[in-house]
Amino acid sequence: LFLGNGPSGICLSYLLSGYTPYFKRGSLHPHPILQRKLEEAANVSVLDQDLEYLSEGLEGRSHSPVALLFDALQRPDTDFGGTAESVLAWWHEADRAIPHLVLGRNAPGGAWHSIEGSMVTLSRGEWMGLPDLPFKDWLKQKRRGLRNNRATAKDIAQYYQYYVMKKGLQKNFRCGTVVTSVRKVSAEGISSRAEKHPQEDSGSLWNSNENSTEVFQVDGLFKTVNGDKEPFSIYAENVVLATGTYDSPTWLGVKGENFSYVHHKLSALEEAVKKSGLGITSDPVLIVGAGLTAADAILFAHHCNIPVIHVFRRRVGDPALVFNQLPKTMYPEYHKVHQMMKEQSAACAGPYECYVSLPEHHVLSFSKDKKCILQDKNGYQQVYKISMALVLTGSNPNLSFLPNNGRDLATDSDQPVSPKRNPIDVDPFTYECALEKGLYALGPLAGDNFVRFVQGGALAVASSLLKKANKNPP
């Protein structure tokens, strides 16, 4: 049972539906050691091989060895600007399929349906693709190309839906579901009980195993065609957490942050422009944060001639600032925002009208009359009158359906789960939770934050589940 139907969940569903990757005969991988290893067991599926052995020595932009391995097999020299084809051949072996369900709130694609459709992806378009159906091939069918090698969020969301349909995975997906609880229960007596779960009339989701005395009970609500919410319970031996991190925007935790003019999603700015005619004569919009979502808000406001006060804690030249890590040619719009941040501080007027940059500042409070108090690194405070505030400092996963909000599963159990600072502690070659056998975590929850790398986690989970189900050939 998977919780979350974004790219992680879709990729894992593909791998558990009998689609099996083999080393393609005659392929030549640019990494000679990996090539030799692949040739050693050319007749054995990658899923059945020792993933630790195959991934040893690989380097790249992910900390996960299996993520680097699967990425290297699908896009052999992409980091060097190459376009070498995948060295994988995919075979459909129906007898190796494992029954599973993928639960999600939205249509297949997860949070990509919640992102404003015209937003352009940070990653190159071809890195957004899933196994055995290149994204650029799908785009060609629509007689479209990639702008600056990147894709829009709308394209990505549509591609993921198409992928599920094209690969015949629809029967595994249950959209319109919200999970409210996941807990371990005794397996005794459950196997004979009729299972209640959304739109499901096939057999048991899990095979009774003499050694398995406990299973997971997953409770939640399913939205029917009429819009009613019906409760469901599902029992499963294995549960995969792939819910991403888009659910809960981070709050600053300052006084007045709950006033109606303070928002935590970029969509609020778009709605304000449509409804209240926010424009050049309005009081400035306060944008808090120095990540890409904050940059997207600044670009949108700049396009609509809306004045902006931009507040962020870091120095403009801080190497940890994301803008200092992006190639200028590939990300011209973000380079422009970075330039504005450098050249248009409150201390000295620059060439950009309607924008003021306040580096090394933070918000102290918001008041009812739409005033906010900001403080700089020296403790100097200033009051600003604003029309609205957008706090865009990242988001956290919503794991309220797990005991203790999933903290017990994290690397540091004293802190909340956080993709960058405190991911769920998983085995790097199976992605099974270190502290809860049968529970797996994928994607940002396990520290993999890019679509191209979440797929390696799906490979690891699929390999582990196939071994458990004895569906790996001897």
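See the structure above.
Remember, predicted model here, so these are calculated numbers, not experimental data.

## Topic: the sheet that holds strand 1 (residues 2–3)
Paired through their backbone hydrogen bonds, the strands of a sheet run either parallel or antiparallel.
Here is step 1: Here we have five strands laid out as an open sheet, ordered 5-4-1-9-20, and parallel in their pairing. Each edge of the sheet is formed by a strand with only one pairing partner; in this case those strands are strand 5 (173–175) and strand 20 (439–441).
Here is step 2: Note that strand 9 (residues 239–241) and strand 20 share three bridges and pair parallel. Note on strand 20: the bridge partner recorded for Leu-241 is Ala-441.

## Brief notes about a positive patch on the surface
Here is step 1: On the surface, Arg-105, Lys-223, Lys-229 and Lys-265 cluster together into a patch of positive charge.
Here is step 2: Relative to the helices and strands, Lys-223 is located in strand 7 (residues 214–223).

## Let's talk about helix 9 (residues 332–343)
Here is step 1: The terminal C-alpha atoms of helix 9, which comprises twelve residues, lie 16 Å apart, in line with the 16 Å expected from a rise of 1.5 Å per residue.
Here is step 2: Taken together, the buried positions of helix 9 are Tyr-334, Val-337, His-338, Met-340 and Met-341. Down the axis of helix 9, the buried set is contained in an arc of 155°. They therefore lie on one face.
Here is step 3: Of the surrounding elements, those touching the buried residues of helix 9 are helix 8 (292–303), strand 13 (308–311) and strand 14 (355–358).

## Brief notes about the nonpolar core
Here is step 1: Formed by 85 residues in total, the largest nonpolar core has its most connected members in Leu-1, Leu-3, Leu-12, Val-239, Leu-241 and Ile-424.
Here is step 2: Setting aside chain neighbours within four positions, we find Val-239 in contact with Leu-1, Leu-3, Phe-216, Val-218, Gly-438, Leu-439 and Tyr-440.
Here is step 3: One finds Ala-297, Leu-321, Leu-390 and Leu-392 within the second-largest nonpolar core, a separate group that totals 31 residues.

## Things to note about the packing of aromatic side chains
Here is step 1: All chains considered together, the criterion is met by nine aromatic pairs.
Here is step 2: Ring geometry for Tyr-14 versus Trp-90: centroids 5.2 Å apart, planes at 55°, classification tilted. Here the residue Tyr-14 occupies a position in helix 1 (residues 7–15), and Trp-90 occupies one in strand 3 (residues 88–92), the gap between them amounting to 76 residues.
Here is step 3: Judged by relative accessible area, which is 0%, Tyr-14 ranks as buried.
Here is step 4: Residue classification places Trp-90 among the buried positions, given a relative accessible area of 16%.
Here is step 5: Ring centres of Phe-135 and Tyr-159 lie 5.2 Å apart, and the angle between their planes is 85°; on these two criteria the pair is classed as edge-to-face. One end of the pair, Phe-135, is in helix 5 (residues 135–141); the other, Tyr-159, is in helix 6 (residues 153–166), and 24 residues separate them in sequence. The same class applies to Phe-135 as to Tyr-159, namely buried.

The rules behind these values
Residues numbered from 1 in each chain as written. Predicted model: local features only at pLDDT ≥ 70, side-chain atom pairs only at ≥ 80, totals over all residues. Heavy atoms only, no water. Pairing = 2+ DSSP bridges. Helix = DSSP H or I, 4+ residues; strand = E, 2+ residues; numbered from the N terminus. Patch = residues over 30% accessible without salt bridge, like charges linked within 9 Å, V, L, I, M, F, W, Y side chains within 5 Å. Areas by Shrake-Rupley, 256 points an atom, 1.4 Å probe, with all protein chains shown as cover. Salt bridge = Lys/Arg side-chain N within 4 Å of Asp/Glu carboxyl O. Lys, Arg positive; Asp, Glu negative; His and termini not counted. Charge placed at Lys NZ, Arg CZ, Asp CG, Glu CD. Expected span 1.5 Å × (residues − 1). Buried < 20%, exposed > 50% of the residue type's maximum accessible area, 1.4 Å probe, protein only. Arc of directions from axis to C-beta. Contact = heavy atoms within 4.5 Å. Core = buried A, V, L, I, M, F, W, Y, C linked by side-chain atoms within 4.5 Å. Phe/Tyr/Trp six-rings, centres within 6.5 Å; stacked < 30°, edge-to-face > 60°.

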